[in-house]
Amino acid sequence: MHKKHGKIISKQDFVKDGLYSKEEYEGLIVSSDERQGRYNLGVQLSENQVLVVDQATDSNIHEKLETWVPQIQTIQRQHNVRNDSGNYAR
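All chains use their own residue numbering, which begins from 1 and follows the written sequence. This being a predicted model, a pLDDT of at least 70 is required before a residue's local features are given, and a value of 80 or more before pairs of side-chain atoms are given or counted; all residues contribute to the totals for chains, interfaces and linings. Note that water and hydrogens are dropped before the side-chain values are worked out from all heavy atoms of the structure.

(A) How the structure looks around the pairing of strand β2 (residues 21-25). DSSP-based pairing: two strands are paired if at least 2 bridges between them are found. A run of H or I in DSSP counts as a helix once it spans at least four residues, and a run of E counts as a strand once it spans at least two, with each numbered from the N terminus. Sheet analysis places β2 next to strand β3 (residues 28-33), joined by 4 bridges and oriented antiparallel. Its bridge partner lying in β3, Y25 is registered against L28. Count of turn residues in the β2/β3 antiparallel hairpin: 2 residues, of which G27 carries a positive phi of about 100°.

(B) Spotlight on the pairing of strand β4 (residues 38-46). Burial runs high along β4: 8 of the 9 residues are buried. By the bridge criterion, 6 bridges tie β3 to β4 in an arrangement that is antiparallel. Note that in β4 the partner of S32 across the bridge is Y39. Between β3 and β4, which pair antiparallel and follow one another directly, the connecting turn spans 4 residues, one of which, G37, has a positive phi of 65°. With 7 bridges connecting them, β4 and strand β5 (residues 49-56) associate as antiparallel partners. Across the sheet, the residue bridging to Y39 is A56, located in β5. What sits between the antiparallel neighbours β4 and β5 is a turn of 2 residues. Each residue is placed in one exposure class: buried if its accessible area under a 1.4 Å probe, protein chains only, is under 20% of its type's maximum, exposed if it is over 50%, and partly exposed if it falls in between.

(C) View of the nonpolar core. The set of buried Ala, Val, Leu, Ile, Met, Phe, Trp, Tyr and Cys residues whose side-chain atoms join them within 4.5 Å is what this entry labels a nonpolar core. Core analysis: the largest hydrophobic core is formed by 15 residues, its most contacted members being L41, V43, V53 and I61. If you list the elements that add at least two residues to this core, you get β3, β4, β5, α2 (61-68) and α3 (72-78). Contact between two residues is taken to exist if any of their heavy atoms lie within 4.5 Å; hydrogens are not considered. With residues up to four places along the chain from it excluded, the contact list for V43 reads G27, L28, Q49, V50, L51, V53, I72, I75 and Q76. Among the nonpolar cores identified, the runner-up in size contains 5 residues, and I9, F14, I29 and V50 belong to it.

So this is what it looks like as structure tokens:
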């Protein structure tokens, strides 16, 4: 499955193509995409919804994280997410 940037998908779909997924920072999930040889980056909007924001390679993953981490809360606010201690509510 090719994940499109800006698309909201289920968390299950976001992580299904990878060997692993990890919440790098609260609200930002990184999932490996074995078929494309890349990492998918997504902002968690609820327990079961993720907004796909970007893709990265081994060589630029740290740069991409630095770009997206400061934007997590702004993106969540734009999607009316209330994040109280890791509990996502819309």
